[in-house]
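Structural overview
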Amino acid sequence: MSSTAYLAAGIFVAAYALIATERVDKTKVALAGAALMILLGIIDQDTAFHGTHEVEGIDWNTIFLLMGMMIIVNVTRATGLFEWVAIKTAKVGHGRPIPILIGMCLSTAVLSALLDNVTTVLLIAPTIIVIYEALELDPVPFLIFVILASNIGGTATLVGDPPNIIIASQANITFMEFVYINGPIILLIFLLFAGLIWLGFGKRYQVEEEQRLRVVQFDEARAITDHRLLWRCLTVIGLVLVGFVLHGALHLQPATIALAGAALIMLLHPDGPRETLEEIEWPTIFFFIGLFVMVAGLVEVGVVGALGRGMIDVTQGSSLALTMVVLWFSAIASGIIDNIPFVATMAALLRVVAPELAADPSAYASAAELVRNETVMPVWWALSLGACLGGNITLIGASANVVVAGISSRSGHPIGFGRFLKYGLPLTVGFLGLCTGYLWLRFFW
Amino acid sequence: MIAGDLVQTDAPTLSPDDTIAEAAEVLTRYEHSNLPVVDEEGRLVGALGEEDILALALPTSAAELDRLSYLPRCYGLRNLEDEELRETPVADVMRREGLVTVEEDELAAQAALLIIRHHQPQIFVVRDGKLVGRLCRKDIISQVVNPTLGVACHP
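Remarks on the overall build of chain A
Regarding its fold elements, chain A presents 22 helices and zero strands. A globule of 445 residues ought to have a C-alpha radius of gyration of about 22 Å, and chain A, at 22 Å, matches this closely. Principal axes of the C-alpha set define a box for chain A whose edges measure 70 × 50 × 45 Å. When burial is assessed residue by residue, chain A has 52% of its 445 residues classed as buried. Considering only intrachain contacts with a sequence separation of at least 6, the fraction spanning at least 24 residues in chain A is 79%.

Have a look at this one:
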């Protein structure tokens, strides 16, 4: 490797270490790393911003999909929809703790799959705490299961979890392909998850009539602040979902659908653009931008290519071995560090090795087809399942976990790291076992 | 005219070791909405206001909720009487950050501007980190209506 390659690798490893140890805010680190890569001439600005044939550059498809969904969710948030769902679920469960928990997990998983899982838990968690306080139960175990459900649900779709957004964009995978491949295994995992909750806790948590009546008296109708806006939001979300289902057939990128939805919801919203746009999580957006530039720098100088060839050597180019290694390695990595930088790097790596893995590269009509050739495709799915589900191993494994831990702690119910690990680790190992079998059955049997 | 010209130096203060119950008592007795908390050396270390006591009366998760309107009508406010909360020291509840203060030698107009910008009923006047006293909206208003400190030099 050249000295520039060592320099690029040095910047990247240092940034990764700072992000993992949380010594400096991750957005600041990513932007500083990106600026250094360009300032030192490791990558030129044009390549970093716009990409070339070999280097992806900033993935604007991911950026605009994230921003579009954030706008849609933030406008919807103000209507009280999420609180309504939580209360309705509690009342359908007649105030009994375990039916409520399973209902909450289902609602959270579905909302996390359709919208963004971080926003979903951010809005549902406080309501869950109030409900379990009314039942005079410690909300912590229930919150842990809701976090797990949120990451499970988010894995099912292209928009559910940021790793999937990156993977879909880099491997040209459509929304419906996610539903076809990740959908069935996530459904199975969720059913097993709900069954285990029922078996493990059904008898342990019983409450008196008095507490149950208290929950039944929660009034979901009062949670809705603005009926007119709510119906507009539901209409836009419905249209966006139809758009996602059809985007492959219409040859439109998911980001286009999300941006159109965001534009429509802003037109239908009485607030000015400043209020709505201020609510976008800008630190997250800039974190992604910084990461994409840093990864592009690594690709440009050949570090990613060298890593990729190493990976092929280790697995001897076997698609099966590569799939299983990526599944488990992604899960472990995601449990320990933020899964976004990991997936951004792995996605770049898979793009580089995809042509070398293809049995007959000339058989694919375009570069877009080649990055998702038959040999590498199961590896993309392994990356998605491993990175998304791996977030469930520890309390810091995914953004949703960290957000709920913060809310819970500020409400006087801190979730301990060990307490989360006690449920998160064994369940996730079991779920990954299922994924291992599923990927084998689906692609190698 | 500077902040020091209008400052009230005899206003009540709290110590970090005072209890919430004592703080609530002072807040209601003096009709002050926000009290400075000062340590033994007279340094301003925090503030405790009516809103901080109100927050204690809500369900514990309320701080994270956008609204409480859907709770059952039987939900009351938490009663400070029967809780150990009553004995909580001021240091545990007081706000340490975002205190609105003005240096004693700053313009009185700067104090007025901060009061308006931060929607405060009053502002704490400090000198080298130590509390001098407080300056209320009313003090400024009466000075505007009935100037006793000479004429302003601006048009």
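Let us keep going from here.
Structural notes on the nonpolar core
All names here are of chain A. Counting 158 residues, the largest nonpolar core has Ile128 and Val146 as the members making the most contacts within it. Ranked by residue count, the leading element in this core is helix 18 (residues 339–357), at 13 residues. Residue contacts for Ile128: discarding those within four places in its chain leaves Ala86, Met104, Pro139, Phe142, Leu143 and Val146.

Quick look at the sheet that holds strand 5 (residues 130–136) of chain B
Residues and elements named next belong to chain B. Spatial strand order, 3-4-5: three strands in an open sheet with mixed pairing. Among the strands making up the open sheet, the edge pair consists of strand 3 (101–103) and strand 5. The average undirected angle you get between the axes of adjacent strands in this sheet is 35 degrees. Pairing of strand 3 with strand 4 (residues 122–127) involves three bridges; the strand directions are parallel. What sits directly across from Thr101, in strand 4, is Phe124.

Overview of the pairing of strand 2 (residues 44–49) of chain B
All names here are of chain B. Across five bridges, strand 1 (residues 34–38) lies against strand 2 in antiparallel orientation. When the bridges of strand 2 are listed, Asn34 appears paired with Gly49. Hairpin geometry of strand 1 and strand 2 is characterised by an intervening segment of five residues between the two adjacent antiparallel strands and by a positive phi of about 85 degrees at Gly42.

Some thoughts on helix 5 (residues 108–117) of chain B
All names here are of chain B. For helix 5, every residue scored as buried is listed here: Ala108, Ala111 and Ala112. Burial along helix 5 is one-sided: seen end-on, the buried residues are contained in an arc of 100 degrees. In this fold, the buried residues of helix 5 make contact with helix 1 (3–6), strand 3, strand 4, strand 5 and helix 6 (137–145). Trailing helix 5 by a residue or two, His119 shows a phi angle of about 50 degrees, which is positive.

How each quantity is defined
- Within each chain, residue numbers correspond to sequence positions counted from 1 in written order.
- Lettering for chains starts from A, numbering for ligands starts from 1, and both go in the order in which the items are written.
- Totals for whole chains, interfaces and linings use all residues, but because this is a predicted model, local features are given only for residues with pLDDT of at least 70 and pairs of side-chain atoms are given and counted only at 80 or more.
- Secondary structure elements follow DSSP: runs of H or I of four or more residues count as helices, runs of E of two or more count as strands, with numbering from the N terminus.
- Throughout, the radius of gyration refers to the C-alpha atoms, and the reference size of a globule is 2.2 Å times the residue count to the power 0.38.
- Once C-beta atoms are placed from the backbone, each residue is buried if 20 or more other C-beta atoms lie within 10 Å of its own, exposed if 12 or fewer, and partly exposed for counts between those two.
- By the convention adopted here, residues make contact when the C-beta atoms placed from their backbones lie within 7 Å.
- What makes a nonpolar core is a set of buried Ala, Val, Leu, Ile, Met, Phe, Trp, Tyr and Cys residues, with links drawn between C-beta atoms within 7 Å.
- Between any two strands, pairing holds if DSSP finds at least two bridges.
- Throughout, an axis means a line fitted to C-alpha atoms (over the contacting stretch in the case of helices), and angles, computed between N-to-C directions, take values from 0 to 180 degrees.
- The directions from the helix axis to the C-beta atoms are what the arc is built from.

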